[in-house]
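The residues making up each chain are set out below.
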Amino acid sequence: MKNYYILIALLFTIPATMAQDAEPLRELAKKHEIEIGAAVGPQQIQNDALYRETLAREFSMVTTENALKFRPTEPQQGRFTFDDADTIIEFAESNNMKVRGHTLVWHSYLPNWVENNDWTREEAIEVLRNHIETVVSRYEGRIFVWDVVNEAFENDGSLRDDSAWYEAIGPEYVEMAFRWAHEADPDAVLFYNDFGAEEMNAKSKAIYEMAKDFKERGVPIDGIGLQMHIPFDHHLSGRSIRRNIQQINDLGLQVHITELDVRIDTPVTDEELQEQADVYEEMLKIALEAPNCTAFITWGFTDRYSWIPSFFEGTGAALLFDEDYNPKPAYQALNAVLQTPPAQINRWKERNQ
Ligand code: XIL
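Keep in mind the model is a prediction, meaning the values are calculated, not measured.

Another point: the overall build of the chain. When helices and strands are tallied, the chain shows 15 helices and ten strands. What you see for the chain is a C-alpha radius of gyration of 21 Å, in line with the 20 Å of a compact globule of 353 residues. Based on the C-alpha atoms only, the size of the chain along its principal axes is roughly 80 × 45 × 40 Å. Within the chain, counting contacts between residues at least 6 apart in sequence, those at least 24 apart form 79% of the total. Carbon and sulfur atoms make up 48% of the accessible area of the chain, which amounts to about 15900 Å² in all.

The next subject is unusual backbone geometry. Of note, the amide linkage connecting His102 to Thr103 takes the cis form, showing an omega dihedral of -5°. Relative to the helices and strands, Thr103 resides in strand β3 (residues 98–105). Residues Thr266 and Pro267 are joined by a peptide bond in cis, for which omega reads -5°. The phi torsion at Asn96 lies on the positive side, around 60°, for a residue other than glycine. Within the secondary structure, Asn96 sits in the loop between α6 (83–94) and β3.

On to the packing of aromatic side chains, then. Evaluated as defined, the whole model comprises 17 aromatic pairs. Between Trp307 and Phe312, the ring centres sit 5.4 Å apart and the planes meet at 85°, which makes this aromatic pair edge-to-face. On the accessibility criterion, Phe312 (27% relative accessible area) is partly exposed. The aromatic ring of Tyr109 is capped on one face by Lys69, whose charged end is 4.6 Å from the ring centroid. The residue whose ring lies beneath Arg100 is Phe191, and the NZ or CZ to ring-centre distance is 5.2 Å.

So, on to the packing of helix α8 (residues 121–138) against helix α10 (residues 173–184). Running from N to C, α8 and α10 cross one another at 35°; their axes reach a closest spacing of 9 Å. Regarding α8 and α10, the two cross each other, and that crossing is right-handed. Residues Arg121, Ile125, Leu128, Arg129, Ile132, Glu133, Val136 and Ser137 of α8 form the contact with α10, whose own contacting residues are Met176, Ala177, Trp180, Ala181 and Ala184. By residue class, the composition of the contact of α8 with α10 is nine nonpolar, one polar and three charged.

Next up on the list: a negative patch on the surface. Side chains of Asp270, Glu271, Glu275 and Asp278 sit close together on the surface and give a patch of like negative charge. The class of Glu271 is exposed, set by a relative accessible area of 57%.

Bringing the side chain of Asn292 into the picture now. Checked against the element boundaries, Asn292 lands in the loop between α13 (270–289) and β9 (293–298). Using a relative accessible area of 0% as the deciding quantity, one classes Asn292 as buried. In terms of polar contacts, Asn292 uses its side chain to reach the backbone carbonyl oxygen of Leu253, at 3.0 Å.

With that settled, consider the confidence of the model for the chain. Per-residue confidence for the chain averages 94 on the pLDDT scale, and 93% of its residues sit at or above 70. Predicted confidence for residues 6–19 stays below pLDDT 50, and this span has two contacts to residues more than four positions away or in other chains.

Position of Ala318 among the secondary structure elements: in the loop between β10 (315–316) and α15 (329–339). Taking relative accessible area as the criterion, Ala318 reaches 0% and is therefore assigned buried. With twelve residues separating them along the chain, Ala318 and Ser306 place their C-alpha atoms 7.8 Å apart. If near-sequence neighbours (up to four positions away) are discounted, Ala318 is found in contact with Asp261, Val262, Arg263, Gln276, Tyr280, Asp303, Ile308 and Lys328.

Once that is clear, we can look at the site of the ligand. The environment of the ligand is made up of 14 residues, and the closest members are Glu65, Lys69, His102, Glu259 and Trp299. Measuring from an oxygen atom of the ligand, one finds a side-chain N or O atom of His102 at 2.7 Å. Here Trp299 contributes a side-chain N or O atom positioned 2.9 Å from an oxygen atom of the ligand. Here the ligand has 410 Å² of accessible area as a free molecule, and 86% of this is covered by the chains. Grouping the amino acids of the shell around the ligand by side-chain chemistry returns five nonpolar, five polar and four charged.

This next bit is on the pattern of salt bridges. The final tally for this structure, using the stated rule, is 19 salt bridges. Asp147 is paired through a salt bridge with Arg100; the nearest N and O atoms lie 2.8 Å apart. Of this pair, Asp147 sits in strand β4 (residues 145–150) while Arg100 sits in strand β3, and the two are 47 residues apart along the sequence. With respect to class, Asp147 is no different from Arg100; both count as buried. A salt bridge links Arg217 to Asp213; its shortest N-O distance comes to 3.0 Å. Taken as a pair, Arg217 and Asp213 lie in helix α11 (residues 202–217) at a separation of four residues, close to a single helical turn.

About the criteria used
- Residues numbered from 1 in each chain as written.
- Predicted model: local features only at pLDDT ≥ 70, side-chain atom pairs only at ≥ 80, totals over all residues.
- Heavy atoms only, no water.
- Helix = DSSP H or I, 4+ residues; strand = E, 2+ residues; numbered from the N terminus.
- Rg over C-alpha atoms; globule rule 2.2 N^0.38 Å.
- Contact = heavy atoms within 4.5 Å.
- Areas by Shrake-Rupley, 256 points an atom, 1.4 Å probe, with all protein chains shown as cover.
- Phe/Tyr/Trp six-rings, centres within 6.5 Å; stacked < 30°, edge-to-face > 60°.
- Buried < 20%, exposed > 50% of the residue type's maximum accessible area, 1.4 Å probe, protein only.
- Lys NZ or Arg CZ within 6 Å of the ring centre and 35° of its normal.
- Axes fitted to C-alpha atoms, helices over the stretch in contact; angles between N-to-C directions.
- Left-handed = near helix turned anticlockwise from the far one by under 90°.
- Nonpolar A, V, L, I, M, F, W, Y, C, P; charged D, E, K, R; others polar.
- Patch = residues over 30% accessible without salt bridge, like charges linked within 9 Å, V, L, I, M, F, W, Y side chains within 5 Å.
- Salt bridge = Lys/Arg side-chain N within 4 Å of Asp/Glu carboxyl O.
- Lys, Arg positive; Asp, Glu negative; His and termini not counted.
- Charge placed at Lys NZ, Arg CZ, Asp CG, Glu CD.
- Polar contact = N/O pair within 3.5 Å; in protein donor to acceptor, adjacent residues only side chain to side chain.
- pLDDT = per-residue confidence, 0-100.
- Near = heavy atom within 4 Å.

Right, here's the structure in full:
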């Protein structure tokens, strides 16, 4: 009889352990006081049970990949749609996950009525103010952190001038956005987010200077998002990323790794997947060592749904799970790093947030 029970127990545990024998990332991450997140879409949540299961099991935070961008939220002036964002946020809430709202102000993903505007400066200010106030206040207390402004800088450190907001309002649109977001939800954590600003370079310097100026003048900013869309054969300098994060820490600001993915030329070899895992591992170590890095987020989590193959032709396989939700070496690497006892992480200062 006893053997019978053991057999039954084994039958139930074997499929589960085969699919997933490690403790989930989100559980391991708790000890390190860091959120582990992924960008997600509403259709996948609605239609794909394995997507829902994997997401809820492994991640403690979600970013709205597209659902809260300007075009889907205000497709016509003054007419707002929130169905997609609601799907994501309700899923997150019922699975005890935090939400990163992405993104209030960006030069891209705008509706035609914004792209083809002929506003005066005052009109543009009113459009942007109303958008931010409407979206942020709708989710007051439910969206934990906002990417308020996304990709406002060029690689040379100048402000991007091919943006409807820059053209109509001028450089002040950035700080205006932060002030309006703060007014609409005083408890929301407010981030500036960009790509190519991971290492010390002209762009990260410009972002640093802006954040320093904001802190000095009382413009409400809480953190800097480092996107980290990495081509896997491009070696980012860990040392340089650490120095950059350290400088941001000295300003009293948090860092989130916001959009990590590591794309590989297809078809992909096992060796390349292993090297990809090394990149993921190094980035997570950097995040855990930094006292101000409070979230580590990948841009999607399964190769079944990723923006990479359509945006960077000939590349793919950029995420932690393959198209059938099998964990890849990159997943195993992150899991192993998170298993390191926090006391053994070489943190350069205690967390103060
Ligand atoms: C991408 C989405 O993943 C795609 O689905 C969409 O078509 C275009 O935008 N930097 C960002 C993200 O801040 O918003 C982008 O997301 C990827 C690059």
